[in-house]
Amino acid sequence: DEGAKIISMSLGGGGFSTTTNETFSGYYEEEGVLLIAAAGNDGNSAYNYPASYGSVMSVAAVDNNKVKASFSQFNDQVEIAAPGVLVESTLPNNQYAAWSGTSMATPHVAGVAALVWSHFPDCTNKQIREALIKSTQDLGVQGCDNDYGFGLVDAQAAYQYLKTNGCGFSVGETVGGCNQCPECSSAPTSSPVAFPGCPDNERYFKVSITTDNYGSETSWRVTKENGQDQITGGNYASNRAHTERYCIPNDACTFEISDEYGDGMCCNFGNGSYEVWINNVSKGSGGTFDSSATIDLCDTIPTPAPVAPVTPAPTLPPTLPPTMSPTPLPTPAPVAPTILAPTLSDPCVNVQVSIGTDDYPDETEWSITDKEGTVIVSGNGYTTRNVEHIKDECVPTGRIYTFTVLDAYGDGICC
């Protein structure tokens, strides 16, 4: 109503609304406004709104290695990607903080759109949108995909595209995602076969755990042939889904999951399950076992495409509900969990803890306790140096929690 030509929305949530969809469509089709929104930070394929309306550009987040952040939503409405991990931002009182989330990626796209549009004011909002997606740096699998959309926003390339083609080209119908410009690249696909974020001597490992009624009994580890633990997990909340992602050495070949009580995860006391992937290829799943079960991670492992050595993509505070700012991540203090507002259907609060280890990872441990001092969830036993470790948890609502991180040597984890 005040004449804005670009609306940047670092917000999201809820489901599809016909009324809201028609409102955004009116801004886009009739008022000539370019709409850009955060894809969402649940790390799954669910549609987040308003980003998933056809009239809105849905923005995914990548880290400084151009790897999709594992918190970033992936679906066929994701249209473009931008930096969204540990992005420096100003705060009141002459302060700075590093924030993460698709909320941080979205303003990058909006800023590029404004910059490019200022050089080509005769273009329409639809032409600016198409110029942005036609000039992206392709990431992930070739062509548009559900993780990155058409790719990483590129201001210089978008400028050159319009300088060469002008503003006279036609655009397709408004549908959003990879179908917004079918001729720009191939049809959308799911996650790339080989994870592009691990160095050549490592592989991308993902484990998903759905706990039973006694989540704290479940633990797992990945070991080398000599039995040395590379990564471990445990102390889970009950009846919740937990997903963790790491880069692991190529010779870390054994995944072992254990149940302390000896009755597995299914189906005497709930319907627990697990599944593990290497380079996005499932290596095994289950839930029915006694004390433990193992999976061979080195059987017919696909060879990832050559890439420059990088560290795994950190996943940090997610997009918050409207009118709220993303939770700041202090620097250089230890990473604190982000607590999101629960939905009415979810009896717990989502908490994501990201720990970046130093040269002595085994010294670091953390816990979340309630006001009575009861440990709700914790993490320790880190063995990999200088790597980001992420844990997603749900903790019961209606309590006051304290996050504590400890270093056994007493010198912290930085610097």
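Refer to the structure printed above.
A brief look at the structure comes next.

Definitions and limits used
- Residues numbered from 1 in each chain as written.
- Predicted model: local features only at pLDDT ≥ 70, side-chain atom pairs only at ≥ 80, totals over all residues.
- Heavy atoms only, no water.
- Pairing = 2+ DSSP bridges.
- Helix = DSSP H or I, 4+ residues; strand = E, 2+ residues; numbered from the N terminus.
- Axes fitted to C-alpha atoms, helices over the stretch in contact; angles between N-to-C directions.
- Contact = heavy atoms within 4.5 Å.
- Parallel < 35°, antiparallel > 145°, perpendicular 65-115°, else oblique.
- Left-handed = near helix turned anticlockwise from the far one by under 90°.
- Nonpolar A, V, L, I, M, F, W, Y, C, P; charged D, E, K, R; others polar.
- Buried < 20%, exposed > 50% of the residue type's maximum accessible area, 1.4 Å probe, protein only.

Quick word on the sheet that holds strand β9 (residues 229–233)
Ordered in space as β9-β8-β11-β16, the four strands form an open sheet in which the pairing is antiparallel. In the strand order of this sheet, the two ends are held by β9 and β16 (292–296), each with one partner. Sheet twist, expressed as the mean angle between neighbouring strand axes with direction ignored, is 15°. With seven bridges joining them, strand β8 (residues 218–224) and strand β11 (residues 252–259) adopt antiparallel strand pairing. Bridged to T218 within β11 is D259.

Details of the sheet that holds strand β1 (residues 6–9)
Ordered in space as β1-β2-β3-β4, the four strands form an open sheet in which the pairing is parallel. Single-partner strands in this sheet number two, and they are β1 and β4 (78–83). Direction aside, neighbouring strands of the sheet carry axes that sit 30° apart on average. Relative to strand β2 (residues 34–38), β1 runs parallel, the two being bridged by four bridges. Looking across to β2, one finds that I6 is bridged to L34. Contacts from helix α1 (residues 18–29) reach β1, β2 and β3 (56–62) within the one sheet, and its direction differs from that of β2 by about 135°. Packing against the sheet, helix α2 (residues 102–119) makes contact with β1, β2, β3 and β4, and its axis sits at approximately 160° to β2.

Topic: the packing of α2 against helix α4 (residues 155–165)
In a pair of packed helices, the angle between the axes and the distance between the axes together describe the arrangement. Running from N to C, α2 and α4 point in directions that differ by 30°, and their axes come no closer than 10 Å. Overall, the two elements α2 and α4 adopt an arrangement that is roughly parallel. Viewed along their axes, α2 and α4 form a crossing whose handedness is right-handed. Of α4, the residues touching α2 (which contributes V112, L115, V116 and H119) are A155, A158, Y159 and L162. Among the residues making up the contact of α2 with α4, the classes are represented as seven nonpolar, one polar and no charged.

Quick notes on the pairing of β8
Bridge count for β8 against β9 is four bridges, and the pairing is antiparallel. Note that in β9 the partner of W220 across the bridge is G233. Adjacent in sequence and paired antiparallel, β8 and β9 are bridged by four residues, among which G227 carries a positive phi angle near 85°.

Focus: the environment of A158
Relative to the elements of secondary structure, A158 occurs in helix α4. Each C-alpha atom, one on A158 and one on S135, is 5.2 Å from the other, the two residues being 23 residues apart in sequence. Residue contacts for A158: discarding those within four places in its chain leaves V116, A131, L132 and S135.

Quick notes on the side chain of T369
Along the chain, T369 falls in strand β19 (residues 364–370). Overall, the relative accessible area of 14% leaves T369 in the buried class. Residues contacting T369, with those up to four places away along its chain left out, are T374, V375, I376, I400, Y401 and T402.

Don't take any of this as a statement about function, it's just geometry.
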